[in-house]
Structures are given as structure tokens and as C-alpha cells.
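Topology and contacts: notes
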Amino acid sequence: MSEFDPDAFEHDYRGTDPDEIQRSINNRLVYTIGKDPYTAVDHDWLNALSYVVRDRLIERWMETHRSYYRSGTKRIYYLSLEFLVGRSLNNALLNIGFRDSCEEALKRLGLDLEEILGMEHDAALGNGGLGRLAACILDSIATLDLPGTGYGIRYEYGMFRQALEENQQVELPESWLKAGNPWEFPRPEVVYKIHFGGRVMEYQDKKGRRHHDWIDAEEVLAMAYDTPIPGYHTETVNNLRLWSARASHDFDLACFNRGNYLKAVEEKAYSENLSKVLYPDDRASANQELRLRQQYFFVSASLQDILRRFLQQYESLRQIPEHITIQLNDTHPSIAIPELMRILLDKYKLEWQQAWKITQKTFNYTNHTLLPEALESWPVELMERLLPRHMQIIFEINRRFLLTVTHLYPNDMELLKRLSIIDEEGARRVRMANLAVIGSRRVNGVSQLHTDLLRQQTFADFHRLDPERIVNITNGITPRRWLNEANHNLSGLLRNVIGHDWVKDLSQLERLRAYANDSEFQQRFMLAKRANKARLADLTMLHLGSTIDPYTLFDVQVKRIHEYKRQLLNVLRVITLYNRICDGIAPDLVPRTILLGGKAAPGYLMAKLIIRLINDVAAVINNDPKSAPQLKMLFIPNYDVSTACDIIPAADLSQQISTAGMEASGTGNMKLALNGALTMGTLDGANIEIREQVGEENFFCFGLTADEIARKRQNGYDPRLHHEQDAELKRALDMIDQGYFSPTNPNRYKAILRSLIDDGDHFMVLADYRAYIQSDERANALYRDKAAWARAAILNTAAMGSFSCDRTVNDYARLVWGAVPIPHRKSRRIGRKSNHRGE
Ligand SMILES: *Cc1c(COP(=O)(O)O)cnc(C)c1O
């Protein structure tokens with residue numbers, strides 16, 4: 001065992017010599033983890049290695065913040081209730097070019113890097129697309145040397161772990177922090193007071209000006225935890241600051257002295273509940289008081305932190321919009337708008353107009369959904385009780401806003417009703433989307449179609465008032481995680497053929513077009529795909545005990561389970577394929593492996609029933625000797641970032657089949673196409689832009705358009721006609737209805753049948769069924785022509801350049817933030833003098 005080496009940290013940032021790394025790992029194991037190599041278990045080695053890698057980020061991290069401070073640059077703050085980061089170690093290794101040396105060092109210790117990497121817990125502080133977008137955006141901000149910080153909540157329990165019991169989803173708590181989290185730095189000195197409840201006191205100053213004070217409120221503390229976010233092959237390391245709730249007094253002495261020890265401890269536990277758990281529903285507005293508390297908690301702490309940093313450097317609050325831009329990821333953090341107003345008015349005694357000018361120039365809002373049930377609103381009564389001063393301010397924002405509207409459009413009461421922040425129908429509610437639009441300089445949709453629909457429908461009245469405000473910024477994904485890291489086989493091949501600049505400049509993939517017809521390259525491309533499929537087959541064998549055959553077509557739908565995403569349409573297709581095989585009328589069908597995965601919100605019963613149906617159908621098909629050689633269906637449990645990284649590189653076909661007009665963008669669609677899967681998709685969200693880029697002939701497009709869906713709705717859509725007139729569809733539906741897949745309980749799926757046939761089929765599954773089957777036939781035919789398929793797959797990867805999140809973030813920087821990159825030179829010395837007091 002090695003002696004403690006006081007110079008170990010010096011060595012750490014000097015070289016990539018495996019001997020030095022090995023010594024550092026040993027040092028960390030002994031002096032940080034407190035184990036020796038003989039008693040260390042694998043997880044200890046994971047943590048030791050993580051600390052060694054983290055050490056290499058710290059100097060860069062500090063230097064990054066020093067150079068932001070020195071340059072006086074405009075700062076970007078990304079506020080999000082979710083960050084679906086996944087694992088960090090491999091990402092950090094690749095970003096700082098440290099992976100190969102670490103692999104070698106571990107080998108000398110008798111350890112396998114891949115195995116160690118696989119032990120890291122996912123940081124699953126998000127539900128799905130929205131949270132993953134936040135993580136991709138942080139990665140790109142750092143890679144582009146932009147001065148950005150993420151703010152969110154350090155949930156003790158992130159997204160639940162999904163397991164299957166008797167084919168049904170069960171939710172298990174995921175305590176991702178249990179084995180320790182080497183990536184975070186607790187900052188016990190960075191603590192802010194957060195208030196709830198109480199009342200508002202009005203008073204006059206000596207000059208007779210009226211002011212307000214929020215008093216008698218309960219108090220909770222927010223404590224910071226920092227996670228470094230390294231950019232790829234750059235010195236920039238940005239920060240993700242997450243807040244954890246603490247009780248304001250460990251022991252309320254008064255209570256304690258009165259002998260009320262338990263009450264004191266109970267109150268402590270109650271306060272700390274705030275950051276206990278992520279709400280596991282990605283669509284419906286939660287409407288729970290605790291959720292609103294979480295929102296205000298992290299917004300208030302973040303704004304206090306942002307203003308503290310600002311005032312360290314600048315004096316006039318009027319300069320805020322010049323030096324700060326705040327992006328609101330959906331309406332979840334939109335209480336920040338009245339919160340900044342409150343601080344400027346009540347604490348700094350600014351006049352309303354000045355405060356409003358500052359506020360409105362500082363915030364920007366990203367909308368993620370058009371679904372009415374997902375547009376957040378809070379009862380006025382709740383807001384008044386929890387945040388009485390904010391409610392007053394919201395009323396005043398609304399009053400002034402509606403006044404200006406009245407001047408522009410006199411006597412239009414209906415218009416005022418639609419634009420009002422307050423929904424006056426029934427019990428009054430605060431519409432957070434209206435608040436976010438009114439309080440922001442820019443509002444963006446996340447794909448061209450989504451933005452068009454925002455302008456034409458959801459925010460049409462706002463758009464008329466200010467045609468400049470709503471802009472489009474199509475989502476993107478980071479090529480670091482979703483190709484370079486997830487798909488070694490393909491990224492290795494790309495490196496050989498076009499170099500590796502694409503990792504930072506994804507438009508370089510265009511150069512693959514030249515090889516699309518090259519039969520040798522086609523073979524190598526498809527060999528990489530085959531290797532990925534074999535790897536996934538090994539994993540499903542290992543973890544699920546299921547065999548899948550890498551020589552079949554891998555047909556993949558992985559995403560949250562939701563009726564609008566139409567996993568049911570996929571199931572109807574699979575049943576149809578099964579019937580055709582059993583009838584002996586599918587001789588040309590290429591052998592398929594149908595993979596599905598995704599979590600259902602615990603309270604979303606229909607989604608859970610869909611998971612059960614998928615598994616019930618799979619059980620019948622997989623056990624039928626007639627269909628087994630041609631068809632296998634598997635539900636992969638616990639879809640998260642790490643399973644996504646295993647599944648996506650292995651996909652041949654990507655199912656993106658939402659009802660047109662309902663998927664704001666999608667990002668799973670981009671990940672799959674980037675990895676060489678062909679999309680079978682509706683004209684929805686970013687599918688439309690993907691199709692434009694890859695070319696119609698390399699995309700299996702089907703189904704009603706958003707316009708056609710809307711028209712059909714207006715003209716009275718009747719799913720029963722499809723049920724009666726399409727014999728194959730009727731047969732599939734009747735099999736479900738009559739218990740073919742649930743012989744022990746033929747009634748199990750009545751609710752699904754009712755929804756599809758009797759209750760109007762809101763998501764138009766039956767209307768798109770036939771077109772979907774036909775598009776499946778086209779895919780089947782193309783797959784039979786190996787060269788043609790390979791060519792199309794290559795052209796998919798080649799055309800995905802503009803779906804890099806680097807492009808997305810550049811769009812934000814240019815159209816919304818007005819921020820510029822701050823590249824900085826290497827300067828890594830501990831203890832360098834600096835005139836600022838840290839972060
Ligand atoms: C990308 C991603 C999503 C979003 O997928 P969509 O198909 O766009 O809905 C959800 N969950 C995870 C784990 C992801 O990586």
C-alpha cells in the first residue's frame with residue numbers, strides 16, 4: 001500500500017501518467033473513503049476514482065469562475081425544477097480527455113473501467129424530456145464556454161425505480177445518495193432564508209410613500225450543493241447549484257425547554273420534507289401545496305444567490321438586465337417574476353415602473369406543452385395563504401397589464417378574460433403561463449410546429465399584442481453523451497472516417513454523405529449496429545433473463561407512457577403482425593424484436609394499464625411457437641438515462657408516433673436518428689424537422705397532420721367507423737376485449753376499449769391505425785434490401801447536425817440571452833490571489 005503523498009494533488013493536474021493516477025486513486029481510497037485495497041469493494045473504487053477525476057475539475061472550475069468575474073460578462077441562469085443528468089464519471093473522463101489513462105491505471109489495479117462505470121447511480125432528478133433537456137443545455141453551455149449556471153432542487157429521492165410484478169409497474173423509491181455522491185460539494189456557508197405564510201404589513205415612510213413588508217412568516221433554510229459541469233475539451237467547468245431544505249433551528253429552544261422535544265423534531269422533519277422527493281408526473285399539473293412550496297423554495301434561494309453575486313460586482317440594480325439573463329424552464333419557476341418584483345419593491349424600494357422594466361427584461365420563458373391539463377395554475381386562495389405578498393404583486397401586474405390592453409382594444413371583455421393572469425371561472429386561479437409570458441422578454445417554443453401552434457392557438461392573443469416576443473428554438477441533444485459516450489462502436493468508426501471534430505461540431509457529420517453509397521462503409525456501419533445489438537442482447541440476458549436475437553430488426557419505442565404518445569397504437573400494430581404470422585400471410589416479414597420501455601406516473605391508471613397490456617401481449621406472442629421465430633416483444637423496465645444509452649445505439653427503427661400537434665418537440669427522436677435508426681413517425685414536434693433534414697425517402701412518415709386532427713375533431717370524429725370497417729383492426733381490438741391476452745380476467749382491458757371505441761378515442765389511435773400498418777410495410781420492404789437500409793441509416797446520422805444542443809444553445813445565446821463565450825487560458829494553481837470572495 002502506498003504512503004500518503006502530500007503532493008498527490010499537484011500530480012493530479014499535471015499528468016495523465018497511469019502511475020500517478022494509480023497513486024492518486026490509492027490515496028483517495030485510503031484518505032477519503034477510509035478503506036485499504038484489501039477491504040475495498042467495487043463501489044469504493046468507483047468513489048475513489050470519481051474523487052480523482054473530480055480533483056482535476058476543481059482547478060478548472062475555480063479558474064472558470066475567476067475569469068467570468070474578471071470579464072464582467074453577462075451571466076446566464078437556467079432555472080429548472082428538473083435536471084435529468086444520469087451518470088457523471090464517464091462524461092467527465094471523456095470531457096477532460098482522461099479516460100484512456102484511467103482505464104490503464106485501473107487495469108494495473110486489477111479493475112475493469114467499464115464495470116466500475118456501470119456501478120454509478122443515475123442522478124435522476126427529472127421525469128423525462130424536460131429534465132433531460134436541462135441537462136443537455138448545461139453540457140452545451142459549458143462546451144461553448146458560455147457563463148451559465150443551473151439552479152434546481154437537490155431531491156433526496158429522484159425519479160422512482162420501476163419494477164414489474166405480474167406484468168404491472170410497481171414504483172420503488174430510489175435513494176441515489178445512499179452510496180455517497182462524490183460529484184457534489186456541500187456549501188454549508190451558502191444558506192438562505194425562505195419564507196412561507198404570514199401576512200403583509202403596509203406602512204408609510206417619512207416622505208409619505210407607501211411600502212409593504214412581509215411579516216410573521218414561517219422560515220425554512222435553503223443550503224447549496226454544487227456540482228461541477230465540465231465542457232468537452234475546454235477549460236470551462238460551470239456550476240449546477242442545487243438547494244436542499246433545512247429546518248431553520250435544529251432545536252427550537254423554546255419548544256425544547258417546555259419539554260416539547262418531539263414537536264421540535266417534528267417541525268424540523270416537516271421543513272426538510274421540501275426537498276425530499278421529485279413529483280413523478282411529467283404532464284399533469286400537480287396541484288399540491290408541497291409542489292408550490294418546492295417551486296418558491298428554489299426560486300427564492302436562487303434569486304437571493306444571483307442578486308448577492310450581482311451586488312458584489314455592480315451597484316445599480318438598473319444594470320441587472322445588462323448583466324443577468326434568467327431562463328425559466330417551463331412555468332415551474334415562474335414565481336420568480338413576482339419574487340424579483342417583491343425584492344426590488346419591498347427591499348430596495350424601487351418604483352413599480354422601474355422594477356417592472358428590470359424584471360421584464362431579465363426573464364425568458366420556455367414553453368413545453370400545449371396540453372391544457374399540463375398548463376399550470378394555482379388557486380388564488382392557496383397562493384394568498386402561502387405567498388400573500390406575491391399574490392398582491394400578481395394582482396397588480398395583472399391590473400396594469402389589462403389596463404394597457406384595454407387602451408389598445410377597448411370594450412373587448414372576452415379578450416381581457418383570455419389574457420388575464422387570473423382565471424375567474426369558478427374558484428379563482430392564477431394562470432402561471434400567462435404570468436410567465438407577461439413577465440418575460442422572450443418566450444420560446446421547442447420546435448417549429450410547436451412554436452407555430454403557440455402563436456396561432458395557446459398564446460395567439462399575446463402574439464397579436466407583441467409579435468416579437470414568441471420565438472422558436474428547436475430542442476437539441478448533446479452529441480457527447482448520446483453518440484460519443486453511448487455508442488463506442490459507431491463513434492470509433494466515425495473517428496476513423498471523418499475524424500473527431502463532430503463531437504464539438506456536429507455539422508461535420510455531413511461528411512458521411514459521401515460514404516452513403518460506399519458498400520464497404522455500409523457494411524462497417526451496420527457491423528457497428530450489430531455489435532450494439534449484441535451488447536444489448538447480453539444486457540437483457542444478464543438483467544432480465546430474456547433472449548433477444550441481434551440478427552433481427554430492433555424496433556424501439558422508449559419514452560414516458562402516455563396516451564398521446566400512443567404506445568397503444570404500437571400494441572395494435574404488434575397484434576396485427578402476430579395475427580398475420582399465425583395466419584401464414586406474412587412470409588416477407590423480417591424477424592423483429594419489438595422493444596418498449598418507459599415509466600407511467602404512479603397516479604395515471606390508464607398508462608399503468610397500458611404497461612400491463614404490453615407485457616400481457618408480449619407473454620402470449622413470445623410463448624407462441626408459431627410466431628416466435630419472427631416476432632419477439634420485450635418491455636425493458638426502468639427506462640432512465642443509462643438504459644437509454646444502452647438501448648438507443650442498438651435501434652434500427654425509432655417509433656415516434658404521437659398524435660400530431662401533441663408532442664412539443666421530442667428529443668428521444670433525435671437520439672435515435674443520430675445513432676442511425678430510421679424514424680417511423682407522425683408529422684409532430686421535431687419529427688417534421690428531422691424528416692426535412694434526413695429526406696422523405698429516409699423517413700417513414702404516416703398519419704394525420706396537426707391540421708387534419710383539429711379539423712376531424714371539429715367535424716365530429718367517430719372511432720366506431722374504423723372499428724367496424726377495418727377487419728384487421730377489429731380483430732386486434734376484439735382480441736384485447738375478449739381476454740385473449742388476459743385469459744384469467746377477460747375484463748382487464750375494458751377501460752382501454754371504452755376509451756378507444758365508446759369514449760371518442762381522443763388521441764385518434766384508430767384513425768391512424770391503417771396508415772401506420774402501411775408505413776410498417778414500407779419499413780419492412782426497405783429492411784429486406786440491406787444496402788438500401790444501410791444507406792438510409794447512414795444518411796440519418798449524417799443529417800442530424802442541426803439537432804446538436806450546441807446549435808440550440810447558440811440560438812438561445814443569440815436570440816434570447818445576448819450572451820457571449822468567455823474562453824479562458826489554462827492557469828491552474830491552487831491559492832492564486834483573487835479579489836473576489838468565491839462563488
Ligand atoms: C430523451 C429522454 C426522454 C425523452 O424522450 P421522448 O421520446 O422525447 O419523450 C425521456 N426519458 C429519458 C430517460 C430520456 O433520455
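Residues numbered from 1 in each chain as written. Predicted model: local features only at pLDDT ≥ 70, side-chain atom pairs only at ≥ 80, totals over all residues. Heavy atoms only, no water.

Further remarks concern the layout of surface pockets. In this structure, the largest pocket encloses a volume near 1,200 Å³. Contributing to the lining of the largest pocket are 39 residues, with R87, G118, H543, S642 and D646 lying nearest its centre. Looking at the lining of the largest pocket, the elements with two or more residues in it are helix 4 (89-95), helix 6 (113-117), strand 5 (161-165), helix 20 (479-485), helix 22 (519-544) and helix 25 (641-647). With seven residues, the single largest contributor to the lining of the largest pocket is helix 22. Residues that form the lining of the largest pocket fall into these classes: 16 nonpolar, 10 polar and 13 charged. (1 Å grid on protein atoms, 1.4 Å probe; cavity = no way out; pocket = protein on both sides within 12 Å on 5 of 7 lines; lining within 4 Å. Points joined across faces, edges and corners; volume = space filled by probe spheres on them. Helix = DSSP H or I, 4+ residues; strand = E, 2+ residues; numbered from the N terminus. Nonpolar A, V, L, I, M, F, W, Y, C, P; charged D, E, K, R; others polar.)

Here we take up the site of the ligand. Not every one of the 13 residues close to the ligand is listed here, only the nearest: K559, K565, T667, G668 and K671. In the model, an oxygen atom of the ligand is placed 2.7 Å from a nitrogen or oxygen of the K559 side chain. The separation between an oxygen atom of the ligand and a polar side-chain atom of K671 is 2.6 Å. Isolated, the ligand exposes 390 Å² of accessible area, and the fraction of that covered by the protein chains is 96%. Grouping the constituent residues of the shell around the ligand by class yields four nonpolar, five polar and four charged. (Near = heavy atom within 4 Å. Polar contact = N/O pair within 3.5 Å; in protein donor to acceptor, adjacent residues only side chain to side chain. Areas by Shrake-Rupley, 256 points an atom, 1.4 Å probe, with all protein chains shown as cover.)

All right, on to the UniProt feature "modified residue: N6-(pyridoxal phosphate)lysine" (unreviewed entry) in the protein then. On the UniProt side, "modified residue: N6-(pyridoxal phosphate)lysine" (unreviewed entry) is annotated at positions that read K671 here. Tracing the sequence through the fold places K671 in helix 26 (residues 668-674). On the basis of relative accessibility, which here comes to 7%, the residue K671 falls in the buried class. Beyond its immediate chain neighbours, meaning those up to four positions away, K671 contacts R132, I477, W482 and I648. (UniProt positions renumbered as here; feature names shortened; annotations may be inferred. Buried < 20%, exposed > 50% of the residue type's maximum accessible area, 1.4 Å probe, protein only. Contact = heavy atoms within 4.5 Å.)

Quick look at the sheet that holds strand 7 (residues 185-196) now. Taken in spatial order, the nine strands line up as 7-10-11-4-1-12-13-17-18 in an open sheet, and their pairing is mixed. Both edges of this open sheet fall to strand 7 and strand 18 (470-472), since each of them pairs with a single strand only. For this sheet, the mean angle separating the axes of adjacent strands, direction not counted, is 25 degrees. In this sheet, strand 18 lies alongside strand 17 (residues 442-445) in parallel orientation, the contact comprising three bridges. Bridge assignment links V443 to a residue of strand 18, and that residue is I470. Most of the contacts of helix 12 (residues 336-347) go to strand 13 (residues 363-366), to which it runs at about 170 degrees, and overall it touches strand 1 (75-79), strand 12 (324-329) and strand 13. Lying over the sheet, helix 13 (residues 352-362) contacts strand 12 and strand 13, oriented at roughly 40 degrees with respect to strand 13. (Pairing = 2+ DSSP bridges. Axes fitted to C-alpha atoms, helices over the stretch in contact; angles between N-to-C directions.)

Relative to the helices and strands, S654 resides in strand 22 (residues 653-656). Judged by relative accessible area, S654 falls into the buried class, the value being 0%. In this structure S654 touches V556, L672, A677, L678, T679 and M680, once residues within four positions along its chain are discounted.

This part is about the packing of helix 23 (residues 567-582) against helix 32 (residues 765-784). At a minimum axis separation of 10 Å, helix 23 and helix 32 run at an interaxial angle of 55 degrees. Considering their axes alone, helix 23 and helix 32 lie oblique with respect to each other. Here the hand of the crossing between helix 23 and helix 32 comes out right-handed. The segment helix 23 lies against helix 32, with L569, N570, L572, R573, T576, L577 and R580 engaging V765, L766, D768, Y769, R770, Y772, I773, D776 and E777. Its residues assigned to classes, the contact of helix 23 with helix 32 shows eight nonpolar, two polar and six charged. (Parallel < 35°, antiparallel > 145°, perpendicular 65-115°, else oblique. Left-handed = near helix turned anticlockwise from the far one by under 90°.)

Take unusual backbone geometry next. One non-glycine residue with positive phi stands out, namely E166, at about 50 degrees. Position of E166 relative to the elements: it lies in the loop between strand 5 and strand 6 (168-172). Even without being glycine, R566 reaches a positive phi, approximately 60 degrees. Among the structural elements, R566 can be located in the loop between strand 19 (553-558) and helix 23.

Here we take up the environment of E424. Inspection of the secondary structure puts E424 in the loop between strand 15 (422-423) and strand 16 (429-431). Sequence separation between E424 and L328 is 96 residues; the distance between their C-alpha atoms is 25 Å.

Attention now moves to the nonpolar core. Counting 232 residues, the largest nonpolar core has L79, W243, F297 and M383 as its most contacted members. Look past the residues within four positions of L79 in its chain and what remains in contact with it is Y151, F298, V299, I306, I326, Q327, L328, N329, P333 and A336. With 28 residues, the next largest nonpolar core counts I21, I116, W183 and V237 among its residues. (Core = buried A, V, L, I, M, F, W, Y, C linked by side-chain atoms within 4.5 Å.)

A word on empty space enclosed by the protein. Empty space among the atoms becomes visible once a probe the size of a water molecule is rolled across them. This model, assessed by the stated rule, comprises eight cavities of 30 Å³ or more. Quantified by volume, the largest cavity comes out at close to 800 Å³. It is helix 7 (residues 129-143) that provides the largest number of residues to the lining of the largest cavity, a total of five residues. In the lining of the largest cavity, the residues fall into 17 nonpolar, 15 polar and 15 charged. Of the pockets and cavities examined, the second largest cavity occupies roughly 500 Å³. Taken together, 36 residues line the second largest cavity, and the ones lying closest to its centre are V85, G86, S88, A123 and T227. Elements represented by at least two residues in the lining of the second largest cavity include exactly helix 3 (42-71), strand 2 (83-86), helix 4, strand 3 (123-125), helix 7, strand 10 (218-230) and strand 11 (237-247).

Reading across from one edge, 21-20-19-22-23-24 is the order of the six strands in this open sheet, with parallel pairing throughout. Looking at strand neighbours, the two that pair on one side only are strand 21 (631-635) and strand 24 (700-701), the edges of this open sheet. Pairing geometry for strand 19 and strand 20 (residues 592-597), over six bridges, is parallel. By the bridge assignment, L553 is partnered in strand 20 with R592.

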